[in-house]
Amino acid sequence: MLARIARPVRGLPRVLLGLGLAVAAVRVAEGPGEEEEQKRRKVRAAYSEAAARSRELLRRVKDEVGSPGIVVAVSVDGQAVWTEGLGFADVENRIPCSPDSVMRVASISKSFTMAAVAKLWEEGRLDLDAPVQKYVPEFPEKEFEDEKVTITTRLLVSHLSGIRHYEKDIQKIRKKIGKKSSETTGSVVSTTEETESTKAEEQHKPKPQDTAKSKRNGSLQPEEFYIKDKFNSVIEALELFKNDPLVFKPGSQFLYSTHAWTLLSAIVERASRRKFLDYMQQMFKDLGMVNTLPEEHEPIIYNRARFYSFNDKKRLINSPYVDNSCKWAGGGFLSTVTDLLRFGNVLLYSYQAKEMSTMLPGYLKPDTVSMMWRQVPNTEMSWDRDGKYGMGWGTVEGKQDYGQCKCQKHYVSHTGGAVGASSVLLVLPEEDQQTVSPPRGIVVAIIANMQGTGLNSAALKIALEFQKAKSAES
């Protein structure tokens, strides 16, 4: 177990890395006043107590699902205040988890890709409302119920395109959607296909019709979740689904779809005139995310963790081999919690940065991040039913329903569930900035090397713990 508790200091300059994340350790100026030193000790104690409570929570989560390892990082106002690894990144060789452990971040890859889409849109190189065929003519025009329909980038990034997820049986998906619709009350009927992590959480609840899948894979995931074939390009990966019928009319309903993000990667490739992975790796370099990269089997990747699941006898096993070249944009990247923290703070800084001559601009414009983090009608956020999906992020709006309870904080997050891995990146902005410099708020990143570890609830509780600790500074 490796833990790092940074010593936050207020009122001193901070160096922004990647336009978002401040240096984690700051030297205290010589000869501070006694009052200032007492304040600093109080702040350090508050963060240490928050870390202790959060550590106990993560241990419970880890023990509940049997995850070999779990890694966490927390920042307050752009400064890392707690990073720690619990358990093992490699059980066989007894290698402990650390903040440098490289793991699958699964669907957090969608948030990475959304940043690339937003940048191209800001630069005028990508039209969010143009038909996808403008960029990818290889993707056929679609019809629904004998009516020609249009799929746009805007629909893709909010899971409103009607493109299927891993399940190939369109009638089965429609039946599931119809059942959900009949159980929904209210003026808006919204439907969902569970995310990879939500589905994985139900892997130990076998159904009679899914017995064959359970025996083959150790879970109820469709076969496409375990693809082993290597695709040489994002255009080639479109062959998996491009000729399949749509599940519904684009824009009318919500269906979580990683395949839709594979189409999005082809759009990014054509709009940027660069290979998708080349464009993304340049973005990671620009943001200082030095440990974020596409998952490939052949390269030597230092500190890469191993990934685990349970067999039918509930014994820990190495997860089966998979090739993620079919879904780079939607679930194919590796990263560390420190890189995730950096990425979250880049967007938080961009969200809060104003047009001031004394400040550097964010990677994206404030209005762009506000658009990404705004709820989109007809969507759902399966990992928090109080929220909806935005553009590459789930978002929960702040509200107070009653006088002394039901205080809902505004936050955004994305979870991930891959073969042998689970993840979450959560950003809790401080909305009342006044004249202080961004980034202001809490960012939490958690990765586990076990399939089916629900982490969003734990991340939100941790964020609230550190938000409470932050009040010790005032």
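The protein chain has the name Beta-lactamase-related domain-containing protein in an unreviewed UniProt entry, where Eleutherodactylus coqui is given as its organism.

K.L.:
How would you explain the packing of aromatic side chains if you had to name every residue and give the values?
P.N.:
Overall, the coordinates contain 14 aromatic pairs when judged by the stated rule. Their ring planes at 65° and their centres at 6.2 Å tell us that F112 and F333 sit as a pair that is edge-to-face. Remark: F333 occurs in strand 13 (residues 333-335) and F112 occurs in helix 2 (residues 108-122); sequence separation between them is 221 residues. Overall, F333 belongs to the buried group, its relative accessible area being 1%. An angle of 50° between the planes, with centres 6.4 Å apart, marks the rings of F139 and F241 as tilted. In this pair, F139 is assigned in the loop between helix 2 and strand 8 (142-144) and F241 in the loop between helix 7 (234-237) and helix 8 (258-272), connecting sequence segments 102 residues apart. Accessibility assignment for this pair places F139 and F241 in one class, buried. Cluster of aromatic residues (ring-pair linked, three or more members): F112, F284, F333, F343, Y351, W373 and W393.

K.L.:
Hey, could you go over the environment of E147 for me, with residue numbers and the actual values?
P.N.:
Looking at the element boundaries, E147 is found in strand 9 (residues 147-149). According to the relative accessible area criterion, E147 is partly exposed, its value standing at 39%. Spatially, the C-alpha atom of E147 lies 9.1 Å from that of K249, the residues being 102 residues apart in sequence. Residue contacts for E147: discarding those within four places in its chain leaves K142 and K249.

The rules behind these values
Residues numbered from 1 in each chain as written. Predicted model: local features only at pLDDT ≥ 70, side-chain atom pairs only at ≥ 80, totals over all residues. Heavy atoms only, no water. Phe/Tyr/Trp six-rings, centres within 6.5 Å; stacked < 30°, edge-to-face > 60°. Helix = DSSP H or I, 4+ residues; strand = E, 2+ residues; numbered from the N terminus. Buried < 20%, exposed > 50% of the residue type's maximum accessible area, 1.4 Å probe, protein only. Contact = heavy atoms within 4.5 Å.

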